[in-house]
Amino acid sequence: MPHERLETGRDSKIVQTYQACGLTIASDLHLPLTQAPVSVPSADIRIAQQTLLPTPPDEAVQIGPGSWAGRDWLSFTVPGVAEFQIEAGLSIVYRSMADDNATALQTFLLGSALPAALAQRGTLVLHGSAVRIGTEAILLIGPTAAGKSAIAAAFMKRGYALVSDDICTFDREALAQPGLPHIKLWQDSAVQLGITTADLSPTRVGLERYRFPCDAAEAPVQVAAVYQISAHNQPSIAFEPVSGFETFEVLRAATHRSIHMTLFGHAKSHLKHCARLVENAPVTRVRRPNANCSIDEFATALLDHRETQR
């Protein structure tokens, strides 16, 4: 589609529109997302650079180093990269702190600012990876460095479709929305999977973590299983079903900045969305050996387990 201009106070920028997380996004910065043939005025979220950011609202309170929040407002600073402000789930404005900063801006816009805007809209946003297996999806969650993205990449190598990596969003029917069409992959994981990173874009200059583009799902998909991944010192992979209120605790732990749901007044709806998700998706805690368990071996074990649960 032809480029358009986005009016943002005293700034006017050429932008493109994208589709992600069930929304259309207009941005003056190129983003590694699926382009959408939607005009700027019709976009759900608008992203633009400004030389002077708006004044914080009077009710804003500090919630962390360089981070402030109000009912429908959030600001945070990434030192050496940019300041970001998100308002009412409709706009994200930023002030870049360095030249030639596009790679880092993309990373923090998609990994931090966009999830905050989605949270302001009351959307369930989980930190994890969702992969379509047949007509359904499996959702991989767990702590940072648990290997979620690497396992998703192993599924991609087998011909499955990515739903989203890093941030996974769900509509009110608990369908997983097509999100970020790439996987953030560390160099050592790429080597183990036989993926060459020479032509891949880094998530940040100087960091050996890359965006691995994938064939992405084009429509929302029902999640059929949730796997909470962690590691242990035992010699074999262990599966343990999770039930009752503990399922909510597992999803709360996986919620992207769960404090945002309370700050933005969506704590009750968050609980309802989590309950809807697990109605059709049993939650399983799966522990991977710290040694002698390859990414491919673990991916195979997950597929085998999923088959036994049908």
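Residues numbered from 1 in each chain as written. Predicted model: local features only at pLDDT ≥ 70, side-chain atom pairs only at ≥ 80, totals over all residues. Heavy atoms only, no water.

- The protein goes by Serine kinase in an unreviewed UniProt entry, where it is assigned to Parerythrobacter jejuensis.

### Observations regarding the overall build of the protein
Part 1 of the argument: Within the protein, the secondary structure is distributed over 7 helices and 20 strands.
Part 2 of the argument: Computed over its C-alpha atoms, the radius of gyration of the protein comes to 19 Å, within 12% of the 19 Å expected for a compact globule of 310 residues.
Part 3 of the argument: Counting only residues that meet the buried cut, the protein has 53% of its 310 residues in that class.
Part 4 of the argument: Put simply, of all contacts in the protein between residues at least 6 apart along the chain, 63% involve residues at least 24 apart.
Part 5 of the argument: Element-wise, carbon and sulfur atoms account for 50% of the exposed surface of the protein, whose accessible area totals about 14300 Å².
Part 6 of the argument: Computing the positive centroid from 26 side-chain charges and the negative centroid from 30, the protein places the two 3 Å apart. (Helix = DSSP H or I, 4+ residues; strand = E, 2+ residues; numbered from the N terminus. Rg over C-alpha atoms; globule rule 2.2 N^0.38 Å. Buried < 20%, exposed > 50% of the residue type's maximum accessible area, 1.4 Å probe, protein only. Contact = heavy atoms within 4.5 Å. Areas by Shrake-Rupley, 256 points an atom, 1.4 Å probe, with all protein chains shown as cover. Lys, Arg positive; Asp, Glu negative; His and termini not counted. Charge placed at Lys NZ, Arg CZ, Asp CG, Glu CD.)

### Overview of the pairing of strand E12 (residues 136-141)
Part 1 of the argument: The element E12 is extensively covered by neighbouring structure, given that 5 of its 6 residues are classed as buried.
Part 2 of the argument: Relative to E12, strand E11 (residues 124-133) is paired through 6 bridges, and the arrangement is antiparallel. The residue bridging Arg-132 from the neighbouring strand is Ala-137, located in E12.
Part 3 of the argument: For E12 and strand E18 (residues 221-232), the ladder comprises 5 bridges, and the chain directions are parallel. Within E18, the position partnered with Ile-141 by the bridge is Gln-228. (Pairing = 2+ DSSP bridges.)

### As for the sheet that holds strand E15 (residues 182-186)
Part 1 of the argument: Ordered by their spatial adjacency, 3 strands build an open sheet running E15-E17-E16, and the pairing between neighbours is antiparallel. Strands with a single pairing partner mark the edges of an open sheet, and in this sheet they are E15 and strand E16 (201-202).
Part 2 of the argument: As paired elements, E16 and strand E17 (residues 209-213) share 2 bridges and run antiparallel to each other. Residue pairing in the sheet places Ser-201 in a bridge with Arg-211 of E17.
Part 3 of the argument: Along the sheet face, helix H1 (residues 102-120) touches E15, E16 and E17 and points at about 70 degrees away from the line of E17.
Part 4 of the argument: Its contacts with the sheet put helix H2 (residues 148-157) on E15 and E17, and the angle it makes with E15 is roughly 120 degrees. (Axes fitted to C-alpha atoms, helices over the stretch in contact; angles between N-to-C directions.)

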